[in-house]
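So you can see what is in the structure, the chains are spelled out below.
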Amino acid sequence: MIDEVTDSQIRQALVRRAGADDAESLVRLRALMLSAMGTDVGGPDAPWRVRAREWFAGQLSSPDMFAAYVVEDPSAGVVAGAAGNVYAHPPGPRDASTVRGHLYNVSTHPDFRRRGLAKACVMALVDWFRDETAVGQIELHATDDGIDLYRGLGFIESTYPTLRFRTTTA
């Protein structure tokens, strides 16, 4: 069982970059996150999980454009993670870069929460964006439960609200 440890201990000893074998774990963490947000994720055989597994497997094979960092408990398996990708974006006066980062899928298994594991994964992902990509900004959508984590790491609210328009129902 993972005990409470410092940020640097977590980052040095426990956080690792996800590999090809972690697609299923990323789907499981995504289901935990979505469920905590009130979404009915269905059972283990829900069709979206197959598509998500294939999607994560494909993303994991593009290490210049996608990264996920996870924490693995010796007996429970992967218990926390965060993912992000690089996407094209036009330059502007406050950000001349041509790519941005999108951070998402931040989740921790309920039995392992409040130990800094998600924070360590997010910090590792921010390091990847900063050190291994050309992104000028990292964007994310925060839940009420997660917003203080992101603020504490230096994320600020955008001046403009996020709006969404669905072109499909599923």
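For the structure itself, look to the data block above.
Residues numbered from 1 in each chain as written. Predicted model: local features only at pLDDT ≥ 70, side-chain atom pairs only at ≥ 80, totals over all residues. Heavy atoms only, no water.

Brief notes about the overall build of the protein
- A tally of regular secondary structure across the protein gives five helices and five strands.
- Secondary structure elements of the protein occur, N-terminal to C-terminal, as α-β-α-α-β-β-β-α-β-α.
- In summary, the protein has a C-alpha radius of gyration of 16 Å against a globular reference of 15 Å for 170 residues, a match within 12%.
- In terms of its C-alpha atoms, the protein occupies a principal-axis envelope of roughly 50 × 40 × 30 Å.
- Within the protein, contacts between residues separated by at least 24 positions form 64% of all contacts whose residues are at least 6 apart in sequence.
- When the accessible surface of the protein is split by element, carbon and sulfur atoms take 51% of a total near 10,500 Å². (Helix = DSSP H or I, 4+ residues; strand = E, 2+ residues; numbered from the N terminus. Rg over C-alpha atoms; globule rule 2.2 N^0.38 Å. Contact = heavy atoms within 4.5 Å. Areas by Shrake-Rupley, 256 points an atom, 1.4 Å probe, with all protein chains shown as cover.)

Here's the deal with the pairing of strand S3 (residues 77-88)
- In terms of burial, S3 is a largely internal element, ten of the twelve residues being buried.
- Strand direction decides the pairing type here: strand S2 (residues 66-73) and S3, joined by eight bridges, are antiparallel. Counted as the bridge partner of Ala67 is Gly84 from S3.
- The pairing of S3 with strand S4 (residues 99-108) spans eight bridges and is antiparallel. By the bridge assignment for S4, Val86 is matched with Gly101. (Buried < 20%, exposed > 50% of the residue type's maximum accessible area, 1.4 Å probe, protein only. Pairing = 2+ DSSP bridges.)

A look at the packing of aromatic side chains
- Under the definition given, this model contains six aromatic pairs.
- On the numbers, 5.0 Å between centres and 50° between planes, the contact of Trp128 with Phe129 is tilted.
- Residue Phe129 is classed as buried on the basis of its relative accessible area, which comes to 0%.
- With centroids separated by 6.0 Å and ring planes inclined at 75°, the aromatic side chains of Tyr150 and Phe155 adopt a geometry described as edge-to-face. One exposure class covers both Tyr150 and Phe155, and it is buried.
- A network of ring pairs unites the aromatic residues Trp55, Phe56, Phe66 and Tyr104 as a single cluster. (Phe/Tyr/Trp six-rings, centres within 6.5 Å; stacked < 30°, edge-to-face > 60°.)

Let's talk about the sheet that holds strand S1 (residues 15-17)
- The mixed open sheet is built from five strands, whose spatial order is S1-S2-S3-S4-S5. The open sheet terminates on both sides in strands that have one partner only, identified here as S1 and strand S5 (138-139).
- Both S4 and S5 contribute to a ladder of two bridges, which runs parallel. Considered in S5, the bridge of Gly101 is made with Ile138.
- Helix H2 (residues 23-36) rests against S2, S3 and S4 of the sheet, and its axis sits at about 75° to S4. (Axes fitted to C-alpha atoms, helices over the stretch in contact; angles between N-to-C directions.)

Looking at the pairing of S2
- Counting buried positions along S2 gives seven out of eight residues, so the element sits mostly inside the fold.
- As paired elements, S1 and S2 share three bridges and run antiparallel to each other. Across the sheet, residue Arg16 finds its bridge partner in S2, namely Val70.
- A loop of three residues connects S2 with S3, the two strands running antiparallel in sequence.

Regarding the side chain of Asp95
- Relative to the elements of secondary structure, Asp95 occurs in the loop between S3 and S4.
- Among the polar contacts listed, one links the side chain of Asp95 to the side chain of Ser97, at a separation of 2.5 Å.
- Not counting residues within four places of it along the chain, the set of residues in contact with Asp95 comprises Arg100, Gly136 and Gln137. (Polar contact = N/O pair within 3.5 Å; in protein donor to acceptor, adjacent residues only side chain to side chain.)

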